[in-house]
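Commentary on secondary and tertiary structure
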Amino acid sequence: MSASGSRPRGALARKYAIFVASAIALALGLNGLIGTIFAFSDSRALVVKVQQEQAQAAAQRIGDFVGDIVRQLDWVAVNSQSAAPNDEARLDGLRLMRQVSALTELRQVDGDGREVIALSRSERDSIGSGRDWSEDGLFRGALRDGAAYGRIEFRRGSEPYMRLAKRSAGSSGVALATVNLTFIRELVTRLKVGQA
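In this report, the structure presented in the accompanying data block is examined. Given the structure is predicted, the values throughout are model-derived calculations rather than measurements.

With respect to the pairing of strand 2 (residues 115-120)
Of all six residues that make up strand 2, five are buried, and the element is covered over most of its length. In sequence, strand 1 (residues 103-109) turns back onto strand 2 through a hairpin of five residues, with Gly-113 there showing a positive phi of about 90 degrees. Here strand 2 hands over to strand 3 (residues 126-127) after five residues, the two strands then running antiparallel side by side.

This is how it looks when you write it as structure tokens:
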């Protein structure tokens, strides 16, 4: 009897050991799976946070870049409406284009929408052409709101450009500028975002 009694106990002990081992393996597997899911979720949240910080930093840099150009346009618009002759206003515009390499065109337009000075990196400069800008949306927006920003356009295949307009604080003249946005790439690629 002892030989036959030990056999069922051994089978029962083996089944019990397999059950306990399976339960432990299942618990460890579930624990590992849940830990992996939480780690993935945390990593994903961290990546989203870093991307949001990068996007905010890029937007801040771009806003500063465009805002700086608009402030300088204000200076040109004020100086162009002074009693100085057109040659002096042209020299002011050329100085601005030298200082801000992203400017590709600069136009000074009087309050009636007539072009007084047109400076360009790719076309001939002109003084007193009288070209009519009165129906231009940016010109009207600048007269109404003080400053106006155009949509981004692509020229020469892939170079992004944006038009800006700024009304003179002292008169109704407007400075219109075309900005090459490839210069922003340098600002954005140098971004270092994060707590460190």
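What about the side chain of Glu-115?
For Glu-115, the location among the structural elements is in strand 2. Of the polar contacts made by the side chain of Glu-115, one reaches the side chain of Ser-129; its length is 2.7 Å. The residues contacting Glu-115, other than those within four sequence positions of it, are Arg-107, Gln-108, Val-109, Ser-126, Gly-128, Ser-129, Gly-130, Arg-131 and Trp-133.

Things to note about the sheet that holds strand 4 (residues 147-155)
Note on sheets: strands pair through backbone hydrogen bonds, and any given pair is parallel or antiparallel. Strand order in the open sheet formed by six strands is 3-2-1-6-5-4, with antiparallel pairing between adjacent strands. Of all strands in the sheet, those with a lone pairing partner are strand 3 and strand 4, marking the two edges. Looking at chain direction, strand 1 and strand 2 are connected through five bridges and run antiparallel. By the bridge assignment, Arg-107 is partnered in strand 2 with Ala-118. In the packing of helix 3 (residues 137-145) onto the sheet, the strands contacted are strand 1, strand 4, strand 5 (159-167) and strand 6 (174-180), and the crossing angle to strand 5 comes to about 40 degrees.

Some thoughts on the side chain of Ser-120
In this structure, Ser-120 sits in strand 2. You can call Ser-120 buried: its relative accessible area is 14%. Within the structure, the side chain of Ser-120 is placed 3.1 Å from the backbone nitrogen of Ser-122, a separation counted as a polar contact. Among the polar contacts listed, one links the side chain of Ser-120 to the backbone nitrogen of Glu-123, at a separation of 3.1 Å. Leaving out residues up to four positions away in the same chain, Ser-120 has contacts with Met-97, Thr-104, Glu-105 and Asp-125.

Remarks on helix 3
Among the residues of helix 3, Leu-138, Phe-139, Gly-141 and Ala-142 are the ones counted as buried. With its buried residues spanning 165 degrees around the axis, helix 3 presents them on a single face. Projecting away from the buried face of helix 3 at angles above 90 degrees are the exposed residues Gly-137 and Arg-144. Tucked inside the fold, the buried residues of helix 3 contact strand 1, strand 4, strand 5 and strand 6. Between the side-chain oxygen of the N-cap and the backbone nitrogen of Leu-138 there are 3.2 Å, and the N-cap of helix 3 in question is Asp-136.

About the criteria used
Residues numbered from 1 in each chain as written. Predicted model: local features only at pLDDT ≥ 70, side-chain atom pairs only at ≥ 80, totals over all residues. Heavy atoms only, no water. Buried < 20%, exposed > 50% of the residue type's maximum accessible area, 1.4 Å probe, protein only. Helix = DSSP H or I, 4+ residues; strand = E, 2+ residues; numbered from the N terminus. Pairing = 2+ DSSP bridges. Polar contact = N/O pair within 3.5 Å; in protein donor to acceptor, adjacent residues only side chain to side chain. Contact = heavy atoms within 4.5 Å. Axes fitted to C-alpha atoms, helices over the stretch in contact; angles between N-to-C directions. Arc of directions from axis to C-beta.

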